[in-house]
Amino acid sequence: YFSKKEISDLDVEVPAGCNDDTYLATLRHWLSRIEKEGGEYDFVFYQAGVDVLEDDRLGKMSLSKGGVVQRNKLVYDFAKRRNIPMVITMGGGYPKDREDWSSILNAHSNVYFQAHRYISDCCGGDGVKEGEKEDVVESL
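One numbering rule holds for all chains: residues counted from 1, following each sequence as written. Where totals are concerned, whole chains, interfaces and linings use all residues; where local detail is concerned, this predicted model gives features only for residues with pLDDT of at least 70, and gives and counts side-chain atom pairs only at 80 or more. For the side-chain quantities, the full set of heavy atoms in the structure was used; hydrogens and water were omitted.

Novice: Looking at this model, I keep getting lost on the layout of surface pockets. Mind explaining?
Specialist: A probe as big as a water molecule, rolled over the atoms, marks out the empty space that is left. Here a cavity denotes a set of grid points, spaced 1 Å apart and computed over the protein atoms alone, in which a 1.4 Å probe fits but from which it cannot get out, and a pocket denotes an open set meeting protein on both sides within 12 Å along at least five of seven lines; residues with an atom within 4 Å of a point are reported as lining. Grid points are joined across faces, edges and corners, and a volume is the space filled by probe spheres set on the points. Reported here for the largest pocket is a volume of approximately 1900 Å³. If you go around the largest pocket, you meet 38 residues; those closest to its centre are Leu10, Asp11, Val12, Tyr23 and Gln47. For the lining of the largest pocket, the leading source of residues is helix H1 (residues 20-37), giving 6 residues. In this structure, the second largest pocket occupies an estimated 240 Å³ of space. When residues of the lining of the second largest pocket are traced back to their parent elements, those giving at least two are helix H2 (65-82), strand S2 (86-91) and helix H3 (102-123). Each helix is a run of H or I in the DSSP string that is no shorter than four residues. Each strand is a run of E no shorter than two, and both are numbered from the N terminus. The leading source of residues in the lining of the second largest pocket is H3, at 5 residues. Throughout, the ten residues Ala, Val, Leu, Ile, Met, Phe, Trp, Tyr, Cys and Pro are labelled nonpolar, Asp, Glu, Lys and Arg are labelled charged, and all others, Gly among them, are labelled polar. Looking at the lining of the second largest pocket residue by residue, the class counts come to 11 nonpolar, 1 polar and 1 charged.

Novice: Looking at this structure, I do not really get H2. What am I missing?
Specialist: Since there are 3.6 residues in each turn of an α-helix, residues three or four apart along the chain are aligned in direction. In this scheme, a helix's expected span is set at 1.5 Å multiplied by one less than its residue total. With 18 residues, H2 extends 26 Å between its outermost C-alpha atoms, agreeing within 8% with the 26 Å of an ideal straight helix rising 1.5 Å per residue. Note on exposure labels: buried denotes an accessible area under 20% of the residue type's maximum, exposed denotes more than 50%, and partly exposed covers the range between, all computed with a 1.4 Å probe on protein chains only. Listed in full, the buried residues belonging to H2 are Gly67, Val68, Arg71, Asn72, Leu74, Val75, Tyr76, Asp77, Phe78, Ala79 and Arg82.

Novice: Is there a simple way to think about the nonpolar core in this case?
Specialist: Residues belong to one nonpolar core when they are buried, are Ala, Val, Leu, Ile, Met, Phe, Trp, Tyr or Cys, and are joined through side-chain atoms within 4.5 Å. Tyr23, Leu27, Val44, Tyr46, Val50 and Tyr76 are the most contacted members of the largest nonpolar core, which has 24 residues in total. When contributions to this core are tallied by element, the ones reaching two or more residues are H1, strand S1 (44-49), H2 and H3. Among the elements that line this core, the one with the most residues is H2, at 6 residues. Contacts are residue-level and defined by heavy atoms, with any inter-residue pair within 4.5 Å sufficient. Not counting residues up to four positions away in its chain, the partners in contact with valine 44 are Phe78, Ala79, Ile84, Pro85, Met86 and Val87.

Novice: Mind showing me how you'd approach the packing of aromatic side chains here?
Specialist: In this description, a pair of aromatic rings is defined by centroid distance and the angle of the planes. Between rings of Phe, Tyr and Trp, where Trp is taken as its six-membered ring, a pair exists when centres lie within 6.5 Å; planes separated by under 30 degrees are stacked, by over 60 edge-to-face, and by other angles tilted. As enumerated under the stated definition, the model contains 2 aromatic pairs in all. Measuring from centroid to centroid gives 6.1 Å for tyrosine 46 and tyrosine 76, while their planes differ by 85°, and the two rings are edge-to-face. With tyrosine 46 in strand S1 and tyrosine 76 in helix H2, this residue pair connects regions lying 30 residues apart in the sequence. Both residues of the pair, tyrosine 46 and tyrosine 76, belong to the buried class. Using a relative accessible area of 3% as the deciding quantity, one classes tyrosine 76 as buried. By way of ring pairs, the aromatic residues Tyr46, Tyr76 and Tyr118 are connected into one cluster.

Structure (structure tokens):
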């Protein structure tokens, strides 16, 4: 941690170098447990950090771009099933090549394009249509 680690109601540790399989299995487990045992929530505060990516300079995990897309979908599905509003914020993301921020910017952008498309698909809104932003969404 870069600063004093704060204690929350639920702290889930994952091992350094954690890959898609480990991370997503852990996330599925805890979202399922929270759904079964949890109470009523006002909203989900989703800090959608991309420093979990394997090519991040400071992060300690090794998720693929596809793993981050799956992570986002799990969180979006959870909020939808529970009918809980969600706040999404950016977090982390530091390229190994300090001159090329494109992969990090695409990863951050994808969080929001994916959320927009998810809302459009599930709620019938006028969001990003399939294929309109594939260069960003699929580049992850």
